[in-house]
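These are the residues of each chain, in order.
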Amino acid sequence: MRIPVVLVHGFVGNLHLGELRAHLDPASVFSPDLLGYGLYRGIPEENLTVPEQVRHLARYLDRELPGERVMLVGHSAGVAIVMRYARQFPARVAAIVSAEGNLAPSDAFLSSRLAPMSPADVEGWLETARDNPAALMTSDGHRLTGPALVRMTGWLAHQSAKTIHTAARAVLAETSRASYEAEVRATMAAVPTYLVSGEKTPDAMRSPAWARDLAQGSFVIPRTGHLMVLEEPEEVSRCLSLVVDAVRARGAR
């Protein structure tokens, strides 16, 4: 049984890394750019809301994978988009994977920092980060080195400061809605959901207890924090392959 894996990135970067396909069938892995990123740079600000991103994802899946049920993998802010898509199109979703996803407002640590800034300040933040990406500190208080640092350099070039600012505000608005937690709970209860987290992620930033209780399974990536997809993408791929196996087993019952 084929289960396409669709990787949905957060508000910085992309999930085009070949290493994320290492333990999966590469032909069944898809990593679309969201509006404002890569192929879709220059999209008007009003189209960078979470509902618009969901419509964009729906168009992409209808075009690339018409009628197929998929496993949606959201990293960080990408989970807000994944959860809304799964609520709107439950028949298209075989499973959800939240890779350090924004399941609650407390998870949105960087978007909550950048969203209130002025456009000029976000521009300055991105310029500084591009000039010296090694100085960027991850959520666990460590700095990226080696291949992870090279990957981060590519992430920082993948979108404009305006897109980062607008997307951060959109994610914060989505996850701060009074009904957001109830909607995520209902989605997780209806669609098999798995959690992936970094070993070094602070406890205060991990998925809330209720999400861990609702999850079908959880994985911890050793030696990593929130940016596990940059630090250990092959290990993330291994975990995703285990989820694919679990989803297949459920479907065979």
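Refer to the structure printed above.
The sections below set out a description of the structure shown in this document. Counting of residues starts from 1 at the beginning of each chain's written sequence and follows it residue by residue. Per-residue local features of the predicted model are confined to residues with pLDDT of at least 70, and side-chain atom pairs are confined, for both listing and counting, to 80 or more; whole-chain, interface and lining totals are unaffected and use all residues. Hydrogens and water molecules were not included; the side-chain quantities draw on all heavy atoms of the structure.

Using a 1.4 Å probe on the protein chains alone, a residue whose accessible area is under 20% of its type maximum counts as buried, one over 50% counts as exposed, and one in between counts as partly exposed. A helix here means a DSSP run of H or I that spans at least four residues, while a strand means a run of E at least two residues long, and both kinds are numbered starting from the N terminus. Burial runs high along helix 2 (residues 78-88): nine of the eleven residues are buried. Along helix 2, the residues that are buried comprise Gly78, Val79, Ala80, Ile81, Val82, Met83, Arg84, Tyr85 and Ala86.

Now for unusual backbone geometry. A positive phi angle, near 55 degrees, is found at Ser76, a position not held by glycine. Along the chain, Ser76 falls in the loop between strand 3 (70-75) and helix 2. Classification of Ser76 as buried rests on a relative accessible area of 12%. Phi is positive for Arg223, which is not a glycine, with a value near 70 degrees.

Packed helix pairs are specified by the crossing angle of their axes together with the interaxial distance, meaning the distance between the axes. Every axis in this analysis is a line fitted to C-alpha atoms, fitted for helices over the stretch in contact. Angles between the N-to-C directions lie between 0 and 180 degrees. Orientation of helix 4 (residues 119-131) relative to helix 6 (residues 161-175), taken along the N-to-C sense of each, is 120 degrees, at an axis distance of 9 Å. Seen along the crossing, helix 4 lies across helix 6 with a hand that is right-handed. Of the residues in helix 6, those touching helix 4 at Pro119, Val122, Glu123, Trp125 and Leu126 are Ala161, Ile164 and His165. Three residue categories are used. Nonpolar comprises Ala, Val, Leu, Ile, Met, Phe, Trp, Tyr, Cys and Pro, charged comprises Asp, Glu, Lys and Arg, and polar comprises the others, including Gly. Class assignment of the residues belonging to the contact of helix 4 with helix 6 gives a composition of six nonpolar, one polar and one charged. Left-handed is the label given to a crossing in which the near helix is rotated counterclockwise from the far helix by less than a right angle, and right-handed is the label when the rotation is clockwise. We call two residues in contact whenever any of their non-hydrogen atoms come within 4.5 Å of each other.

Centre distance within 6.5 Å is the pairing criterion for rings of Phe, Tyr and Trp, where only the six-membered ring of Trp is used; planes under 30 degrees apart are then read as stacked, over 60 as edge-to-face, and the remainder as tilted. Under the defined criterion, the tally for this structure stands at one aromatic pair. Seen in terms of ring centroids, Tyr85 and Phe89 are 4.8 Å apart; in terms of plane orientation they differ by 35 degrees. Their pairing is tilted.

Look at helix 1 (residues 50-64): 21 Å from first C-alpha to last across 15 residues, which is about the 21 Å you get at 1.5 Å a residue. Every buried residue belonging to helix 1 is among Val50, Glu52, Gln53, Val54, His56, Leu57, Ala58, Tyr60 and Leu61, and all of these are buried. Those residues of helix 1 that are buried are in contact with strand 1 (5-8), strand 2 (29-30), strand 3, helix 2 and helix 6. Pairs of N or O atoms are called polar contacts if they sit within 3.5 Å, as long as, within protein, a hydrogen donor faces a hydrogen acceptor (for residues adjacent in sequence, only side-chain-to-side-chain pairs). By the N-cap criterion, in which a side-chain oxygen at the helix start approaches the backbone nitrogen of a residue two or three places on, helix 1 is capped by Thr49, the distance to Glu52 being 3.2 Å. In this analysis, the expected span of each helix is defined as 1.5 Å times one less than the number of residues it contains.

Here we come to the environment of Leu57. Take Leu57: it is sitting in helix 1. Between the alpha carbons of Leu57 and Pro32 there is a distance of 7.9 Å; along the sequence they are 25 residues apart. Excluding anything up to four places from it in sequence, Leu57 contacts Val6, Val8, Pro32, Ile81 and Tyr85.

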